[in-house]
Each structure stands twice: as structure tokens, then as C-alpha cells.
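For reference, the chains in residue letters:
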Amino acid sequence: MNQDEIFMQAAIEQAKLADQLNEVPVGAVVVLDGEIIGRGFNQPISANDPTAHAEVMALRDAAKQIENYRLVNADLYVTVEPCTMCSGAIVHSRIRRIIYGTAEPKAGVAHSQENMFSKPYFNHQVDVTSGVLAQACADVIQAFFKRRREEKKAGKGA
């Protein structure tokens, strides 16, 4: 495994924590100088917080670790292409590079619906790498929604 795959695997482990809480399983880690400094997973339902996406949680954790809201030269690994809200947080935190696993065709704004990270009106540009362990990342999401559909069909889910 190369470095991107190793850190994406750590993000997948975070996604599995979200899955255990019956949250959409998205996970993220922030890496600085080859070390994970922030971890996060989706928890908007369990935290009653609409901003508690994996990326935001990982950014918050990293900022606390280094005691700075600017994460200059840090990279963010996330299992699923970020949404608009998360892309804003990524830009404002000065993340150097985002690496994501699988595309989010409906709401992804790194490539799928938009490319928010290359907008000239932002005062910071973020490099984007996509498709790292894409199938493994997709498998986690697909298994979650398959289980949810089966639970709903069986009358056990909302």
C-alpha cells in the first residue's frame, strides 16, 4: 500500500465507527507531516448537529491537536467526495490537499456536481486527488444503504 492508501484505510475505519451508530458511514482523517492529527466520522444524527460531517469533525480534532484553526500543509483523507458545506470548511482551514475515495454523484462538489476547490474567488486553492481505495469506500456506503433498505422492507427501520 502507498501512503495515500494507508491513510484512506484509516478513514475507512472512521467510517465504520459511524456505521456502528447507524450514521451514514463516512470517515475522515487529517494528516500533517506523515502523522494523523485529526479523526472524524459522520455523526449529525447522534450529535444533533447538522454540521457534524466526517470532514468537519476531523478538521475540528486536528485544529485542537495543533492549537490552530489553520491546518497549513495538512492533507484531508475522506471516504466520500465532500459536500458544499465541507468544502467551505476545507478551504477556510487551509488544507493543502484533499484525497477522497468514492464519488458522490448527487452532492459531491470536488468533481461530480462542481469543482469548488478551484474557484478563483477563494483565497486558498486545494489540490484534489480522487479514487483512492474507491471500491473499498463505496463498499462501506453500499452495504450500509443495502442494510437500511432491508430493515425498512422488514418493518424495522425508519
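Residues numbered from 1 in each chain as written. Predicted model: local features only at pLDDT ≥ 70, side-chain atom pairs only at ≥ 80, totals over all residues. Heavy atoms only, no water.

Draft legend 1. Structural context of the nonpolar core. Ranked by size, the top nonpolar core spans 24 residues in total, and within it Val30, Leu76, Ile90 and Ile95 carry the most contacts. When residues of this core are traced back to their parent elements, those giving at least two are strand 1 (27-32), helix 2 (54-66), strand 3 (75-80), helix 3 (84-92) and strand 4 (97-102). Ala11, Ala15, Tyr77 and Val140 belong to the second-largest nonpolar core, a separate cluster that totals 13 residues. (Core = buried A, V, L, I, M, F, W, Y, C linked by side-chain atoms within 4.5 Å. Buried < 20%, exposed > 50% of the residue type's maximum accessible area, 1.4 Å probe, protein only. Helix = DSSP H or I, 4+ residues; strand = E, 2+ residues; numbered from the N terminus.)

Draft legend 2. Highlighting the sheet that holds strand 5 (residues 127-130). An order of 2-1-3-4-5 is seen for the five strands of this open sheet, with the pairing classed as mixed. Because the sheet does not close on itself, it has two edges, and the strands there are strand 2 (35-41) and strand 5. Within the sheet, the average angular offset between the axes of one strand and its neighbour, ignoring direction, is 20 degrees. Across four bridges, strand 4 lies against strand 5 in parallel orientation. Paired with isoleucine 99 across the bridge in strand 5 is threonine 129. (Pairing = 2+ DSSP bridges. Axes fitted to C-alpha atoms, helices over the stretch in contact; angles between N-to-C directions.)

Draft legend 3. Main features of the pairing of strand 2. Direction of pairing for strand 1 relative to strand 2: antiparallel, over a ladder of six bridges. Residue pairing for strand 2: leucine 32 is matched across the bridge by glutamate 35.

Draft legend 4. How the structure looks around the packing of helix 1 (residues 3-20) against helix 4 (residues 134-153). Running from amino to carboxyl end, helix 1 crosses helix 4 at an angle of 10 degrees, the nearest separation of the two axes being 10 Å. On the basis of the axis angle, helix 1 is roughly parallel to helix 4. Across from Met8, Ile12, Ala15 and Asp19 in helix 1, the residues of helix 4 making contact are Ala136, Cys137, Val140, Phe144 and Arg147. (Parallel < 35°, antiparallel > 145°, perpendicular 65-115°, else oblique. Contact = heavy atoms within 4.5 Å.)

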